[in-house]
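# Topology and contacts: notes
Below, each chain spelled out in residue letters.
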Amino acid sequence: MRVVSFLPSATEIVFALGAESCLVGVTDKCTYPPEAQRKPIVVTSILPTNSLSGAEIDAAVRSYLERGEPLFRVNATSLKELCPDLIIAQAVCDVCAAANHEVAVALQAVPDAKVLWLNPSTLDDVLNDILRIAKALGVQERGEKLVAQLRNRLEAVRAKTQKVNHRPRVWVAEWVDPPFCCGHWLPEMVEIAGGVEGLGKKGQPSRRIAWDEVLAWRPEIIVLAPCGYRLEQTLRDAETLRNLPDWANLPAVRSGQVYAADGDYFSCPGVRLVDGVELLAHLLHPEQFPAPTLPHGFVRCNI
């Protein structure tokens, strides 16, 4: 089996299943685990996101989408040389990872390759996708064991938070400038962690929100976790929040409970979402949940 991953979450899952020897190609966004960066890159992002601000990225993305232009480029020559049997792709978001257009380009180069489409909207969908990938790679038993472990960790958090006396109002920002609420599985993650996400809707995409919506929600805890962002990028964009009306009067700001977190623990639908739930549980209920040991997990924002 020769596999090419068109999205970081699939790459993460393949490694978690111990099947990385099957992986012959990845994207330039596949940076976890670090060993994934040694794999040949067959899909690259067009936008230089590391050098642009959040507002610049948002404007560029909207411009590309309005013109009907893709945000990712497939190296058809490399793909043909790698000759994959299977391409793992997603149909969740054209912005976050290569999708329909890029798969169509790929199949022109390798018409015999099969495509495994992932389209998760909930945590259960993500866990089921792990099982689907495991079955496709011939390691079904490993997949079942991994999913059982992940479910046990989720249930351990849920069992504790079912007994909490107070569920704080939370805003998890999937983008900072301009502000976005979270979506898909993330409101569910907040719920399991013992909070209430009143801006995002379970199973629905994230969306740009009016600042008045945040003011009306009055979040007690704010987690800034832009999709695809590292901590240093989030901290840079977080400074723009100071200039928004009544920012300093939000309960989360007054109590010093504004955090920046690695977006991959929340927006990348792979194994680390469970780490994200445990991290949220710590931020929401630190007296019951110790801080998880995560590389580049989170920091408190002084804004």
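This structure is a prediction, so every number in the text was calculated from the model and none was measured.

## Focus on the sheet that holds strand E11 (residues 298-300)
In sheet architecture, strand pairing relies on hydrogen bonds along the backbone and comes in two forms, parallel and antiparallel. Spatially, the five strands line up as an open sheet ordered E8-E7-E9-E10-E11, and their pairing is mixed. Here the strands that pair on one side only, and so sit at the sheet edges, are strand E8 (196-197) and E11. Looking at chain direction, strand E7 (residues 169-173) and E8 are connected through two bridges and run parallel. Following the sheet pairing, Val170 is matched in E8 by Glu197. Seen against the sheet, helix H9 (residues 231-238) touches strand E9 (221-224), strand E10 (258-261) and E11 and runs at an angle of roughly 140° to E10. Along the sheet face, helix H12 (residues 273-284) touches E7, E9, E10 and E11 and points at about 145° away from the line of E9.

## Here's the deal with the pairing of E10
A two-sided burial pattern is seen for E10, the buried positions comprising Val258 and Ala260 on one face and Tyr259 and Ala261 on the other. As defined by bridge partners, E9 adjoins E10 across three bridges and the pair is classed as parallel. Counterpart to Val223 in the pairing with E10 is Tyr259. As judged from the three bridges shared by E10 and E11, these two strands associate in the antiparallel manner. Directly across from Tyr259, in E11, lies its bridge partner Arg300.

## What about the layout of surface pockets?
Approximately 1300 Å³ is the volume found for the largest pocket. Taken together, 44 residues make up the lining of the largest pocket; nearest its centre are Val95, Cys96, Ala97, Cys227 and Gly228. Those elements that place two or more of their residues in the lining of the largest pocket are helix H1 (8-16), helix H2 (54-66) and helix H11 (264-267). With five residues, H2 is the single largest residue contributor to the lining of the largest pocket. Residues that form the lining of the largest pocket fall into these classes: 24 nonpolar, 12 polar and eight charged. Contributing to the lining of the second largest pocket are Thr31, Tyr32, Pro34, Gln37, Arg230, Asp262, Asp264, Tyr265, Arg272, Pro295 and His296. Of the residues belonging to the lining of the second largest pocket, the class tally is four nonpolar, three polar and four charged.

## Focus: the pairing of strand E5 (residues 86-90)
Summarising burial for E5: five of the five residues are buried, a large majority. Both faces of E5 are covered, namely the face carrying Leu86, Ile88 and Gln90 and the face carrying Ile87 and Ala89. Judged from the three bridges that link them, strand E1 (residues 3-5) and E5 form a sheet pairing that is parallel. Directly across from Val3, in E5, lies its bridge partner Leu86.

Rules used in this analysis
- By convention here, each chain's residues receive numbers from 1 onward along its written sequence.
- With pLDDT at 70 or above as the cut-off, local features in this predicted model cover only qualifying residues; side-chain atom pairs require 80 or more to be listed or tallied, and sums for whole chains, interfaces and linings still use all residues.
- Derived side-chain values reflect all non-hydrogen atoms in the structure, with water molecules and hydrogen atoms excluded from consideration.
- Any two strands with at least two DSSP bridges between them are considered paired.
- Every helix listed is a DSSP run of H or I at least four residues long, and every strand listed is a run of E at least two residues long, numbered separately from the N terminus.
- Note on contacts: a residue pair is in contact if any heavy atoms of the two residues lie within 4.5 Å.
- In this analysis, axes come from line fits to C-alpha atoms, helices being fitted only over the stretch in contact, and the angle between any two N-to-C directions falls in the range 0 to 180 degrees.
- Classification of residues uses two cut-offs on accessible area relative to the type maximum, computed with a 1.4 Å probe and protein chains only: under 20% is buried, over 50% is exposed, and between them is partly exposed.
- Residues are said to line a cavity or pocket when one of their atoms sits within 4 Å of a point; the points come from a 1 Å grid over protein atoms alone, cavities being sets where a 1.4 Å probe fits but cannot get out and pockets being open sets with protein on both sides within 12 Å along at least five of seven lines.
- Grid points are joined across faces, edges and corners, and a volume is the space filled by probe spheres set on the points.
- Three classes are used, and their members are as follows: Ala, Val, Leu, Ile, Met, Phe, Trp, Tyr, Cys and Pro are nonpolar, Asp, Glu, Lys and Arg are charged, and the others, Gly among them, are polar.

Function-wise, these values are silent; they only describe arrangement.
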